[in-house]
Amino acid sequence: MGAEWPILPVLAVIFLATLIRSAFGFGEALVAVPLLALLIPVEEAVPLATLVSITVAGIVVAQDWHKIHVRSAGWLIVSTLFGIPLGLWLLTAVAETVVKAILAVVIIGFSLYCLVSRSQYELKNDRWAWLFGFGAGILGGAYGMNGPPLVIYGSLRRWSPEHFRATLQGYFLPASLLGFCGYWLAGLWVPAVTRYYFWSLPFALAAIFLGRAINQRMRERSFLRYIHLGLLLVGTVLLIQSMRR
């Protein structure tokens, strides 16, 4: 392990991103790829983050499979497949800055409404799951950002912290596996990615179990508030990105 291999910062990033993902069910994308890309080539950072994502989702599903809303996850996954082709078209047909700006405004508006409103709308069933899954597919196909529509859906369904975390991982596991297959076929699964992954695995495992403990201690009202604050952060980052280009 030479001095050119910044292993300790990489391990720190993986631990922090995994802790966030395990505690809240989402949010590691804000930490993992942007920070890893400062330390290692982006063509290594993205597959590495995806491998860690598969690990997190797989362990959470194995731990808490009985807390997954299977019907919800199924509808979200199936409808995502139909949204991906539209997302790929969007990637080539519409300016990224425009899409990110619109998405940022929607996410920020929704989050602020949920944070300040006393009476919030609630989805009683999975009737509209296909719409949010379709939206996740569009954003995933275009920019690799499946998360925001799924998080909004989970918050509208008023899932408990445990069900929120488990159900999102039930979605992310097959989605991440498919994504990593694409990286493998593209030749991006290189030896350096494997080395980083095995070095970071003990830290990721520790973060997964610590995040689970944090998640189980959260009250539903506080958890939803954290979710909306997280969405507000996502929207702000997207807005800043759209203004810089």
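About the criteria used
- Residues numbered from 1 in each chain as written.
- Predicted model: local features only at pLDDT ≥ 70, side-chain atom pairs only at ≥ 80, totals over all residues.
- Heavy atoms only, no water.
- Axes fitted to C-alpha atoms, helices over the stretch in contact; angles between N-to-C directions.
- Helix = DSSP H or I, 4+ residues; strand = E, 2+ residues; numbered from the N terminus.
- Parallel < 35°, antiparallel > 145°, perpendicular 65-115°, else oblique.
- Left-handed = near helix turned anticlockwise from the far one by under 90°.
- Nonpolar A, V, L, I, M, F, W, Y, C, P; charged D, E, K, R; others polar.
- Patch = residues over 30% accessible without salt bridge, like charges linked within 9 Å, V, L, I, M, F, W, Y side chains within 5 Å.
- Areas by Shrake-Rupley, 256 points an atom, 1.4 Å probe, with all protein chains shown as cover.
- Salt bridge = Lys/Arg side-chain N within 4 Å of Asp/Glu carboxyl O.
- Buried < 20%, exposed > 50% of the residue type's maximum accessible area, 1.4 Å probe, protein only.
- Expected span 1.5 Å × (residues − 1).
- Contact = heavy atoms within 4.5 Å.
- Polar contact = N/O pair within 3.5 Å; in protein donor to acceptor, adjacent residues only side chain to side chain.

## Some words on the packing of helix H1 (residues 7-24) against helix H9 (residues 191-216)
Item 1. One can describe the packing of H1 onto H9 by two numbers: an axis separation of 7 Å at closest approach and a directional angle of 30 degrees. As far as their axial angle goes, H9 and H1 are roughly parallel. In this structure, H1 meets H9 at a crossing whose hand is right-handed.
Item 2. Of the residues contributing to the contact of H1 with H9, the split by class is 16 nonpolar, five polar and one charged.

## Some remarks on a nonpolar patch on the surface
Item 1. Judged by side-chain polarity, Val-78, Leu-81, Phe-82, Ile-84, Leu-88 and Leu-178 come together as a nonpolar surface patch covering roughly 590 Å² of accessible area.
Item 2. On the secondary structure map, Leu-178 appears in helix H8 (residues 161-185).
Item 3. Under the relative-accessibility criterion, Leu-178 is labelled exposed at 57%.

## Details of H1
Item 1. With 18 residues, H1 extends 26 Å from end C-alpha to end C-alpha; this agrees with the ideal 26 Å at 1.5 Å per step.
Item 2. Looking only at H1, the buried set comprises Ile-7, Val-10, Leu-11, Val-13, Ile-14, Ala-17, Thr-18, Leu-19, Arg-21, Ser-22 and Ala-23.
Item 3. Elements that come into contact with the buried residues of H1 comprise helix H2 (32-39), helix H3 (42-64), H8, H9 and helix H10 (220-244).
Item 4. Once H1 finishes, Gly-25 follows within two positions and takes phi at roughly 90 degrees, a positive value.

## Focus: the pattern of salt bridges
Item 1. This structure, assessed with the given rule, holds four salt bridges.
Item 2. The partner of Arg-165 in a salt bridge is Asp-64, and the shortest N-O contact between them spans 2.9 Å. On the criterion of sequence distance, the pair formed by Arg-165 in helix H8 and Asp-64 in helix H3 is long-range, its members being 101 residues apart.
Item 3. By relative accessible area, which is 3% here, Asp-64 ends up buried.
Item 4. Of the charged contacts in the structure, one is a salt bridge between Arg-157 and Asp-126, with a shortest N-O distance of 3.3 Å. Residue Arg-157 is located in the loop between helix H7 (147-156) and H8, and its partner Asp-126 is located in the loop between helix H5 (96-116) and helix H6 (129-143); the two are separated by 31 residues in the primary sequence.
Item 5. Overall, Arg-157 belongs to the buried group, its relative accessible area being 14%.
Item 6. Salt bridges linked by common partners bring Asp-64, Arg-165 and Arg-212 together as one network.

## With respect to the environment of Ala-101
Item 1. Within the secondary structure, Ala-101 is located in helix H5.
Item 2. For Ala-101, a relative accessible area of 24% translates into the label partly exposed.
Item 3. A C-alpha to C-alpha distance of 8.7 Å links Ala-101 and Gly-235, two positions 134 residues apart in sequence.

## Structural notes on the side chain of Thr-50
Item 1. Locating Thr-50 in the fold gives a position in helix H3.
Item 2. Within the structure, Thr-50 has its side chain in polar contact with the backbone oxygen of Val-46 (distance 2.8 Å).
Item 3. If near-sequence neighbours (up to four positions away) are discounted, Thr-50 is found in contact with Ser-176, Phe-180 and Tyr-183.

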